[in-house]
Amino acid sequence: MSRKQWCVSPMDKDLASDIAQEFDIDPFEALLLVSRGITDEEEIRTFYADKAPLIDPFELRDMDKAVERIAAAMEGNERIAVYGDYDADGVTSTALLYRYFAMNGCDVITYIPDRNTEGYGLNMRAVETLYEKGVRLIVTVDNGISAFGEAKRIRELGMDLVITDHHKASERLPEAVAVVDPHRLDCPCSYKLWSGVGVAFKLVCALSGGSDEEMLSMFADLVTIGTVGDVMPLTGENRMIVKAGLKSINTCENKGIAALGRVSGMAGKTINASGVAFSIVPRINAVGRLSHASKALDLLLSEDDEAVANLAHGIDDLNVSRQEAEKAILRQVQQQIYDNPLMLNDRVLIFSGENWHGGVIGIVAARLLNQYGKPVMVITDDGTEAKGSARSIEGFSLYDAVSSAAHLLSHYGGHTLAAGFGMKSENIPAFKQAIQDFAKSVEMPFARTELDCRLRPDFINADILPHIAALEPFGAGNPQPIFGLFAMTLSAAQSIGQGKHMRLTLKKGASTLTALLFGVTPEEFPYIPGDVLDLAVTLERNEYMGQVKVSIYIKDIRMNGTDDLKYLKSVRLYEKIKRREPISRRQAQFALADREHIARVYRFLRKNGPWNHDTDILCYRLGGDGSEACQVLVCLDVLEELGIIRRDRDSILLVDTEKKVNLDDSSLLAYLRSIDE
């Protein structure tokens, strides 16, 4: 678990009290609203509303042109192709628009490209294929905004193109009858946070000429899955749609969605936005990653019980295979780090490998981001062509980073926090350097743990659960509340789940709590009874035999008294030194470890045996607050350089040696002493 900067939301208790009184809500609930900046009267009413007028779809630029051309195709019985994408957003977009056209008796077909052989978006071969099938109008969903060459070819063939997309747009737009994208630079729409399926939904609202409520009752479930799957903010209109969609999902109106719920173990349970994100979406995505997304599309459109059951079980099997493919790549990444640990000092972590499964590299990037707290890019290379997927932390734009290397790429696209790209294999080294150069030119943020508020342990009971649930649905833009429990004394730590997880018993004053820490083994757990800890936790409802209790899940944990910002800045200075980038004399003096520093680290390692925990824990055990992390890391490097310790994967081991060492033999110390500017 990488160290993050903990940030507690500013708290105005007087304002929360006023809101609680004015809106007749619980004071704790009002406090959570204030912590999220939801304080305006209209904003609060919208936040709690189950129904409200949706935004006029004709606010979107070119929506009138799109409706006019599509209506003409429908009336003239022209063959229409809905051209989608292979992820959950693209598949649900395709299903939504196909279902609408089919309901209205249109001659409609679908096309979703193969992730591995065709890649993302429109491609020339697909355009030619659709022309040969008699298509005269192509409507894209969740793609198309950068399809300049394909748009030109469509026009040359005498077909028309309507683009609906939600990805970032440049000043130049493809030659199409209509380009409907809220991120067009000239789009005046007051709301721009839809997913691809959200934009497709606005299109059918515009086409229907009827009430938005009718379209919502038909398609909210599909829009919910695509919106949650593409990690779009659950604020404003998205929040309204997802509220309606969750009701539809839980009434099992769509047989395919209900079947996915059953195979993912959600049968009989209420599916919330988190259930969609962690149970339904990964299975839809797994199809496009390991097979062809048409199977997921068929599942969402089928009304045949037997076919739906077979498709759902097949998709669940693909999800298991997807997990195995991820693990295989992660093992290779860890080997790369073991072979070249200096790469972890880079501003952006970039990993590449031969013939890694292109369908899962995005998930691998997300896992590595969580592990190391830095932007991550993962590239698969077949020897001729390479493609990559990237994930970022808040404050570092991947789209801008990848755009800076556009001259090396065959294609790219995405958002601030996620991006994809392709290039010739020979360009990989230059691309890696270009990304590091871009990262060097901007101020790199730190990964953050955002806390809604501090909680006293004696305040945690089942009574607060309904007030947390009142903020549902949770997701991007409205995350599940995270609470800070500070200065908790660890009294016991027990291994559970076949050694894969931990159950902690913690005390403060007269209060005793039990909390669960997932994905950490006893060997990896760095704390001991008596340690005073801070915990970032979520609180969830747990009902057993009619009794409701609070389950406490640990999302982050640290020693009480650790100064996150000082620690992170100190580590960043160390990384700068390891990259041999210019530093000031003052910085060099700060980093320079003297004999006593080094001896103190050595004595600790000699007394405590092999060390396999993070540097922040070592700093604390040495009596610091984290600000001296740079010196501690320099000490470890010097001890290794002089042959006193060695690193074996994640462990630091003492070398059994009696030889005398001279600190003047350390090249690292000599380098730091040489800096005099």
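Structural notes, computed from the coordinates. From a predicted model like this one, the values you see are computed outputs, not experimental measurements.

For the rest of this paragraph, the subject is the packing of aromatic side chains. By the definition in use, this model includes 13 aromatic pairs. Consider the rings of Y83 and Y111, whose centres lie 5.2 Å apart with planes at 20°: the pair is stacked. Linking Y83 in strand β2 (residues 79-83) with Y111 in strand β3 (residues 107-111), this pair joins segments that are 28 residues apart in sequence. Accessibility assignment for this pair places Y83 and Y111 in one class, buried. On the basis of an interplanar angle of 75° and a centroid distance of 5.1 Å, the ring pair of Y191 and W194 is categorised as edge-to-face. For Y191, a relative accessible area of 10% corresponds to the buried category. For W194, a relative accessible area of 1% translates into the label buried. A connected cluster of aromatic rings, assembled from ring pairs, spans F28, F459 and F483. Of note, R172 hangs over the ring of F148, and the distance from its end group to the ring centre comes to 4.0 Å. Directly above the ring of Y671 sits R580, whose terminal nitrogen or CZ lies 4.2 Å from the centroid.

It is worth spelling out the sheet that holds strand β11 (residues 418-424) at this point. The five strands are arranged β7-β8-β9-β11-β10 in an open sheet whose pairing can be described as mixed. The open sheet has two edge strands, β7 (349-354) and β10 (411-414), and neither has a second partner. Geometrically, the sheet is characterised by an average inter-axis angle of 15° between neighbouring strands, direction not taken into account. By the bridge criterion, seven bridges tie strand β9 (residues 385-391) to β11 in an arrangement that is antiparallel. Counted as the bridge partner of R391 is A418 from β11. Contacts between helix α15 (residues 361-372) and the sheet are confined to β7, β8 (376-381) and β9, with β9 contributing the most and set at about 45° to the helix.

The next point concerns the state of the cysteines. By definition, a disulfide is the covalent link that joins the sulfur atoms of two cysteine residues. Evaluation of the coordinates by the stated rule reveals zero disulfides. Free cysteine: C187, not disulfide-bonded; nearest cysteine sulfur from C189 at 5.2 Å. C635 provides the cysteine sulfur closest to C619, a residue in no disulfide bond, and the two sulfurs are 9.8 Å apart. We classify C619 as buried; its relative accessible area is 0%.

Here helix α19 (residues 564-578) is 15 residues long and its end C-alpha atoms lie 21 Å apart, about the 21 Å a rise of 1.5 Å per residue gives. Check the buried side of α19 and you find it contacts β1 (5-8), β18 (547-559), α20 (585-591), α22 (615-621), α23 (629-641) and α24 (667-674). Directly after α19, the chain includes R580, whose backbone phi takes a positive value near 60°.

Turning next to the packing of helix α1 (residues 13-23) against helix α3 (residues 41-48). The relative placement of two packed helices comes down to the angle between their axes together with the axis-to-axis distance. At a closest axis distance of 12 Å, the pairing of α1 and α3 adopts a crossing angle of 60°. Here α1 lies oblique to α3, going by the angle between them. Note on packing geometry: the crossing formed by α1 with α3 is right-handed. On α3, the residues that touch I19, E22 and F23 of α1 are E41, I44 and R45. Within the contact of α1 with α3, the residues separate by chemical class into three nonpolar, no polar and three charged.

For the rest of this paragraph, the subject is the sheet that holds strand β6 (residues 178-180). With parallel pairing, the five strands of this open sheet are ordered in space as β3-β2-β4-β5-β6. Two strands lie at the open edges of the sheet, namely β3 and β6, each paired on one side alone. Each adjacent strand pair in this sheet contributes to an overall mean axis angle of 20°, direction not counted. Pairing analysis gives five bridges linking strand β4 (residues 135-141) to strand β5 (residues 160-164), with the strands arranged parallel. Residue pairing across strands places I138 opposite L161, the latter belonging to β5. The strands that helix α4 (residues 63-75) touches are β2, β4, β5 and β6; relative to β4, the one it contacts most, it runs at about 140°.

Thresholds applied
Residues numbered from 1 in each chain as written. Predicted model: local features only at pLDDT ≥ 70, side-chain atom pairs only at ≥ 80, totals over all residues. Heavy atoms only, no water. Phe/Tyr/Trp six-rings, centres within 6.5 Å; stacked < 30°, edge-to-face > 60°. Helix = DSSP H or I, 4+ residues; strand = E, 2+ residues; numbered from the N terminus. Buried < 20%, exposed > 50% of the residue type's maximum accessible area, 1.4 Å probe, protein only. Lys NZ or Arg CZ within 6 Å of the ring centre and 35° of its normal. Pairing = 2+ DSSP bridges. Axes fitted to C-alpha atoms, helices over the stretch in contact; angles between N-to-C directions. Contact = heavy atoms within 4.5 Å. Disulfide = S-S within 2.5 Å. Expected span 1.5 Å × (residues − 1). Parallel < 35°, antiparallel > 145°, perpendicular 65-115°, else oblique. Left-handed = near helix turned anticlockwise from the far one by under 90°. Nonpolar A, V, L, I, M, F, W, Y, C, P; charged D, E, K, R; others polar.

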